[in-house]
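Analysis of the macromolecular model
Take a look at the letters that make up each chain.
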Amino acid sequence: MGINAQEGYPPELSSEEQEYLLTNLKDWSIAHGLAVRPAPSFVQPAQDPAGVLAATAPVTLFPSLFPRNCFEEGLAIQTAYNELYSAIARDEEWLRGIVEELIDIDDFVGKLWQTHLAVKKEGYVQNLSLGLFRSDYMVHVDQGNPSSPSGLKQVEFNTIASSFGGLSSQVSRLHKYLLSINAYPSSATSLVKEEALRQSKSASSLAQGLAAAHKAYGPSSTGRALCVLFVVQDPERNVFDQRHLEYALFEENGVRAFRLPFEQTLSHTELDTDRTLLYTPPNSPLTTYEVTTIYFRAGYSPDDYPEEKEWDARLQLERSKAIKCPSVLTHLAGCKKVQQVLATPHSPHLKRFLPNEQVAAKVLSTFAPIYPLDDSEAGQEAKKLARDVHSAARYVLKPQREGGGNNVYRKAIPGFLEKLPQTHWPAYILMEMIEPPPLTNAILRNGQLQRGGVIGELGVYGVCLWRNGTDDKDAGQVLENWEAGYLLRTKGDQSEEGGVAAGFGAVDSVVLT
Ligand code: ADP
Ligand code: MG
Ligand code: MG
């Protein structure tokens, strides 16, 4: 993309134009479930005691400009990333090496690892695993040489609870609709035209992934009805995003799913003698379902485990015969430490998992520099960079956590590390900040319009279903592997974090340039 491609985009709107656009946007959003439960700061719980209200999800008014070559590269590379992370999740020995460096200084990672070990000891009874992944990128512009071609750099790879696939499909529909009703002024339509928009297939495609696992599970040995279980947080403001997948699973694949708050796992599920996972819905206590697939939209954060009983719940689900999305090992494969180790220059790791050199080279080209904060040579260098306010300004410090709001940015890094005992530093990785091209857009959040500089983050979804184990001849076989649509999240350029749910960003779609 020429750096000037955005000049005059999106155009200023007259008050009549803005009114027309916003009215249509707000009504379409609610009518099509491009919605969230309102934030307590926006609608006080006392004002909605029955919990019937929904609010327009934070969205951009216009689709954002995105370089076509970068977009296509991100989509094209997804099956390689699926292959990479499924191979990591299958390689317990390799993961052990990573986890061992964290186990004494990161209790959460330690607990996950113990959960895996406990199941391993008695033996896993399900050798299929499902990944609904999302690889996140930003377009990087070389600040020293802004005319050099921009490239896609990976922010992180998500292996658990990759969200917004439901809302993403709706926001690309919304932007297309707004174009088709002439809500965008004619000065914008040289850029925003139908052939430059991309519909995200994420809702349908992720649901198809769940359906593939459901089918691969096979029939019930006891003739019970089969279902998929969405293990969720409660309350969950982003419930409609999840419902879109559930409805697509039912309407397009005929597969029944239930929502189970994670904390209620032990009261509503049990294991049969052969560790079949049984679920009894509270509304029909006489019907017990056999769970084929557990889809975790909870359990990724220490906050989801306030008591030991939540760890018992995670263990019960992991022990079960249901296919886990993700298994504990797949969850651990998403640690930022894994990403850092893969990105180590000249390391043998990528080759181990991606034997095809061309495929590995393409994946490698999307890595941004990431360093450990340990006693290795690279670690010593990184510690120096992180301690100094001047050099730290180019970096972000990340712990092994998911869900947004956990990182320390730029100049805040030295002060943060100073307060942290040195023994705990290796629990973090230091990553170079990706510097995306300057863009402008307007975001509607909680009814308020904010216009200004924005930063876009592209997520590419992937579905992968594979066989674990080492014993049988089919071990390691990848049964399904596809790219599953995209997400564009856009945040104000003053905010370091971009999480939509965390309150910093908006869902968006692309106009390819
Ligand atoms: P989480 O798993 O909590 O989502 P991320 O690694 O995605 O953690 O970091 C959260 C946010 O921080 C990202 O969505 C992005 O906006 C910002 N961020 C993270 N790493 C970088 C980076 N290297 N360059 C620029 N921004 C980053
Ligand atoms: Mg993440
Ligand atoms: Mg993220």
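Rules used in this analysis
- Within each chain, residues carry numbers counting from 1 in the order of the written sequence.
- Chain A is the first chain written and ligand 1 is the first ligand written, with later ones labelled in order.
- For a predicted model such as this one, the threshold for reporting local features is a pLDDT of at least 70, and the threshold for listing and counting side-chain atom pairs is 80 or more; totals across whole chains, interfaces and linings nevertheless cover every residue.
- UniProt positions are given in the numbering used here, feature names are shortened, and annotations may be inferred rather than shown by experiment.
- Note: domain ranges come from an automatic or database domain assignment.
- By the criterion used throughout, residues are in contact when their C-beta atoms, derived from the backbone, lie within 7 Å.
- Secondary structure elements are taken from DSSP: a helix is a run of H or I of four residues or more, a strand is a run of E of two residues or more, and numbering for both begins at the N terminus.
- Note on burial: count the other C-beta atoms lying within 10 Å of the residue's C-beta; 20 or more is buried, 12 or fewer is exposed, in between is partly exposed, and C-beta positions come from the backbone.
- pLDDT gives the predictor's per-residue confidence on a scale running from 0 to 100.
- In this analysis an axis means a line fitted to C-alpha atoms, helices contributing only their contacting stretch, and an angle means the value between N-to-C directions, from 0 to 180 degrees.
- Each angle gets one of four labels, with under 35 degrees taken as roughly parallel, over 145 as roughly antiparallel, 65 to 115 as roughly perpendicular, and the rest as oblique.
- Ten residues, namely Ala, Val, Leu, Ile, Met, Phe, Trp, Tyr, Cys and Pro, are considered nonpolar, four, namely Asp, Glu, Lys and Arg, are considered charged, and the remaining ones, Gly among them, are considered polar.
- Helix crossings are classified by the rotation of the near helix relative to the far one: an anticlockwise turn of less than a right angle makes the crossing left-handed, while a clockwise turn makes it right-handed.
- Between the first and last residue of a helix there are one fewer steps than residues, each counted as 1.5 Å, and that sum is the expected span.
- For two strands to count as paired, DSSP must find a minimum of two bridges between them.

An unreviewed UniProt entry lists the protein chain under the name Glutathione synthetase, with Paraconiothyrium brasiliense given as the organism. Quoted verbatim from the Pathway (unreviewed entry) heading of the UniProt record, the comment on the protein chain is "Sulfur metabolism; glutathione biosynthesis; glutathione from L-cysteine and L-glutamate: step 2/2." The UniProt entry for the protein chain carries this comment under Catalytic activity (unreviewed entry): "gamma-L-glutamyl-L-cysteine + glycine + ATP = glutathione + ADP + phosphate + H(+)".

Some thoughts on the domain arrangement of the protein chain
Assigned domains of the protein chain: these are domain 1 (3-368 + 452-512) and domain 2 (369-433). Look at where the C-alpha atoms of domain 1 and domain 2 centre, and you get two points 26 Å apart. Opposite the 21 residues of domain 1 that make contact, domain 2 presents 20 residues. Among the elements of the structure, helix 4 (92-102) and helix 12 (336-342) are those that each provide at least two residues to the side of domain 1 that touches domain 2.

Concerning the environment of Tyr81
Structurally, Tyr81 is set in helix 3 (residues 78-90). Classification of Tyr81 by C-beta neighbours within 10 Å gives buried; the count is 26. Expressed as a C-alpha distance, the spacing of Tyr81 and Val125, which sit 44 residues apart in the sequence, is 27 Å. When residues no more than four places from it in sequence are discounted, the contact partners of Tyr81 are Phe133, Ser135, Phe157, Val363 and Gly462.

Here's the deal with the confidence of the model for the protein chain
Low-confidence regions, as indicated by low pLDDT, have predicted coordinates that should not be scrutinised in detail. Predicted confidence across the protein chain gives a mean pLDDT of 95, with 97% of residues reaching 70 or more. Under a pLDDT of 50 for its full length, residues 1-5 has, in the predicted model, nine contacts with residues more than four places off or in other chains. For this predicted complex, the interface confidence reaches an ipTM of 1.00, while the overall pTM sits at 0.97.

Observations regarding the packing of helix 6 (residues 165-180) against helix 8 (residues 239-253)
Where helix 6 meets helix 8, the axes come as close as 6 Å, and the angle between the chain directions of the two elements is 90°. The angle between helix 6 and helix 8 falls in the class roughly perpendicular. Of the residues in helix 8, those in contact with Gly165, Gly166, Leu167 and Ser169 of helix 6 are Phe240, Asp241, Gln242, Arg243, His244 and Leu245. The class makeup of the residues in the contact of helix 6 with helix 8 is three nonpolar, five polar and two charged.

Describing the packing of helix 7 (residues 202-217) against helix 8
It is at 8 Å that the axes of helix 7 and helix 8 come closest, and there the two elements cross at 65°. Put simply, helix 7 runs roughly perpendicular to helix 8. Crossing handedness for the pair helix 7 and helix 8: right-handed. Together, Ala203, Ser204, Leu206, Ala207, Gln208, Leu210 and Ala211 of helix 7 and His244, Leu245, Ala248, Leu249, Glu252 and Asn253 of helix 8 make up the contact between the two elements. Taken together, the residues of the contact of helix 7 with helix 8 sort by class into eight nonpolar, four polar and one charged.

Overview of helix 6
For an α-helix, the turn length of 3.6 residues means that residues three or four places apart are oriented alike. The end-to-end C-alpha separation of helix 6 is 23 Å, in line with the 22 Å expected for 16 residues at 1.5 Å each. Burial runs high along helix 6: 12 of the 16 residues are buried. Regarding helix 6, the residues found buried are Gly165, Gly166, Leu167, Ser168, Ser169, Gln170, Val171, Ser172, Leu174, His175, Leu178 and Leu179. Where helix 6 terminates, the next one or two residues include Asn182, which has phi positive at roughly 60°.

A short note on the environment of Gln154
Residue position: Gln154 is located in strand 6 (residues 151-158). Judged by the 25 C-beta atoms lying within 10 Å of it, Gln154 falls in the buried class. Placed 304 residues apart in sequence, Gln154 and Leu458 show a C-alpha to C-alpha distance of 9.2 Å. Residues contacting Gln154, with those up to four places away along its chain left out, are Ser135, Asp136, Tyr137, Thr366, Phe367 and Ala368.

Some thoughts on the UniProt feature "domain: Glutathione synthase substrate-binding" (unreviewed entry) in the protein chain
Mapped onto this structure's residue numbering, the UniProt feature "domain: Glutathione synthase substrate-binding" (unreviewed entry) falls at residues 227-333. Here residues 227-333 is 35% helix and 26% strand, with 27 Å between the C-alpha atoms at its ends.

A look at the sheet that holds strand 14 (residues 395-398)
One open sheet holds the four strands; their spatial order is 13-16-14-15, and the pairing between them is antiparallel. In this open sheet, the two edge strands, each paired with only one partner strand, are strand 13 (370-372) and strand 15 (408-409). Taken together, the three bridges between strand 13 and strand 16 (residues 429-432) define a ladder with antiparallel strand orientation. Residue pairing in the sheet places Ile370 in a bridge with Met431 of strand 16. Sheet strands in contact with helix 15 (residues 377-387) are strand 13, strand 14 and strand 16, and its direction is about 105° off that of strand 13.

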